[in-house]
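# Structural overview
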Amino acid sequence: MRASDRAYAALRKDIMEWRLLPGTVLAEVEQSERLGVSRTPVREALGRLNAEGLTTAAGGRGVVVTDISLEDIDELFELRETLEVKAAALAAERGERAVFGELHARLLEAPKLLNDSDPARHAYYALVARLDEAIDEAISNSYLAQAMRSLRVHLVRVRRLAADDAERLNAAAAEHAAIAEAIAAGNPRLAEAATILHLHRSLSHVKATHTPHS
């Protein structure tokens, strides 16, 4: 992997997992020392992060990690509903039922993954990501899949706002299981309804608990 790719992957992961908080200044010298690469790869990585909207130029402060405002969250979920509801319906029409049947069973067991031995919930989020990937594969629409992948870059950050709320995460696991079950049943309308319910509850929770970062 090229040095710029390594720097990009490391910075992107730190931003998405909130180790680099909104407003954090990403100075080239400091980040090059931290990541063990020269300044040029860091500069290239910051350019890619800027293009994704994860960082932005802030006048004399240099490049900073972007915040997620309530207005941003509303706009993200407007787009998310448009894309994900359609994708769920297409997956129910085109997907392999056995794949989603297995995911349904695993998601029913997801609350077992939400324990203190994995405070960052890596195993849980990996399972949710697998459902996303299965839907991407099932819809057989590369343009829709790419649009959803681009959106998820920001949604991962939004999800982490609820990372310490065990009650909401358990409810979300059940909602994901319902989506997988509807797709496994080959029922597009039920898959749409399950997705809409999940998105409505997720948005309500995030807006109720969102705290802007200074």
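Note that the structure is a prediction, hence the values are computed from the model and not measured.

### Describing empty space enclosed by the protein
Summed over the entire model, instances satisfying the criterion amount to 2 cavities of 30 Å³ or more. Forming the walls of the largest cavity are 17 residues, and the residues nearest its centre are Arg159, Arg168, Ala172, His198 and Ser202. Classifying every residue of the lining of the largest cavity gives 10 nonpolar, 4 polar and 3 charged. One number sums up the size of the second largest cavity: a volume of about 130 Å³. Around the second largest cavity sit 14 residues that line it, and Glu84, Asp132, Ile135, Ile179 and Thr195 are the ones nearest its centre. Within the residue set of the lining of the second largest cavity, elements represented by two or more residues are α4 (70–94), α6 (122–139), α7 (142–160), α8 (166–184) and α9 (188–209).

### Let's talk about the nonpolar core
Core analysis: the biggest nonpolar cluster contains 44 residues, and Phe100, Tyr124, Ile135 and Ile139 have the highest contact counts within it. For this core, the secondary structure elements donating two or more residues are α4, α5 (97–108), α6, α7, α8 and α9. Among the nonpolar cores identified, the runner-up in size contains 17 residues, and Leu11, Ile15, Val65 and Val153 belong to it.

### What about the packing of aromatic side chains?
When we look at a pair of aromatic rings, we describe it by the centre distance and by the angle of the planes. Within this structure, the stated rule accounts for 1 aromatic pair. Centroid distance Tyr124 to Tyr125: 5.3 Å. Interplanar angle 65°. Geometry classified as edge-to-face. Tyr125 matches Tyr124 in its accessibility class, with the two residues each being buried. Positioned above the aromatic ring of Tyr8, the side-chain terminus of Arg48 is 3.7 Å from the ring centre. The ring of Trp18 carries Arg157 above its face, with NZ or CZ at 5.3 Å from the centroid.

### A word on α5
Over its 12 residues, α5 extends 16 Å from the first C-alpha to the last, a length consistent with the 16 Å expected when each residue adds 1.5 Å. Among the residues of α5, those classed as buried are Phe100, Leu103, His104 and Leu107. Down the axis, α5 shows its buried residues gathered within 105° of arc, on one side only. Counted as exposed and oriented over 90 degrees from the buried face of α5: Ala98 and Glu102. In the core, the buried residues of α5 are packed alongside α4, α6 and α8.

### Points about the environment of Val99
Structurally, the position occupied by Val99 is in helix α5. Look at Val99 and you get partly exposed, because its relative accessible area is 27%. With residues up to four places along the chain from it excluded, the contact list for Val99 reads Arg130 and Ala134.

### Some points on the confidence of the model for the protein chain
Chain-level pLDDT for the protein chain is 91 on average; 96% of the residues reach the 70-or-more range. Element-level mean pLDDT values for the protein chain span from 89 in α7 up to 97 in α5.

### Quick notes on the packing of α6 against α7
At a minimum axis distance of 11 Å, the contact between α6 and α7 shows a crossing angle of 165°. Classified by the interaxial angle, the pair formed by α6 and α7 is roughly antiparallel. The crossing of α6 and α7 is right-handed. Within the contact between the two elements, α6 uses Tyr125, Val128, Asp132, Asp136 and Ile139 and α7 uses Leu144, Ala145, Met148, Arg149, Arg152, Arg159 and Arg160.

### Let's talk about the pattern of salt bridges
Overall, the coordinates contain 19 salt bridges when judged by the stated rule. Here Arg48 and Asp5 are joined by a salt bridge, their closest N and O atoms 2.8 Å apart. Of the two residues, Arg48 sits in helix α3 (residues 39–52) while Asp5 sits in helix α1 (residues 3–16), which places them 43 residues apart along the sequence. For Asp5, a relative accessible area of 23% translates into the label partly exposed. Two residues, Lys112 and Glu109, come together in a salt bridge whose shortest N-O distance is 2.7 Å.

Parameters and conventions
- Residues numbered from 1 in each chain as written.
- Predicted model: local features only at pLDDT ≥ 70, side-chain atom pairs only at ≥ 80, totals over all residues.
- Heavy atoms only, no water.
- 1 Å grid on protein atoms, 1.4 Å probe; cavity = no way out; pocket = protein on both sides within 12 Å on 5 of 7 lines; lining within 4 Å.
- Points joined across faces, edges and corners; volume = space filled by probe spheres on them.
- Nonpolar A, V, L, I, M, F, W, Y, C, P; charged D, E, K, R; others polar.
- Helix = DSSP H or I, 4+ residues; strand = E, 2+ residues; numbered from the N terminus.
- Core = buried A, V, L, I, M, F, W, Y, C linked by side-chain atoms within 4.5 Å.
- Buried < 20%, exposed > 50% of the residue type's maximum accessible area, 1.4 Å probe, protein only.
- Phe/Tyr/Trp six-rings, centres within 6.5 Å; stacked < 30°, edge-to-face > 60°.
- Lys NZ or Arg CZ within 6 Å of the ring centre and 35° of its normal.
- Expected span 1.5 Å × (residues − 1).
- Arc of directions from axis to C-beta.
- Contact = heavy atoms within 4.5 Å.
- pLDDT = per-residue confidence, 0-100.
- Axes fitted to C-alpha atoms, helices over the stretch in contact; angles between N-to-C directions.
- Parallel < 35°, antiparallel > 145°, perpendicular 65-115°, else oblique.
- Left-handed = near helix turned anticlockwise from the far one by under 90°.
- Salt bridge = Lys/Arg side-chain N within 4 Å of Asp/Glu carboxyl O.

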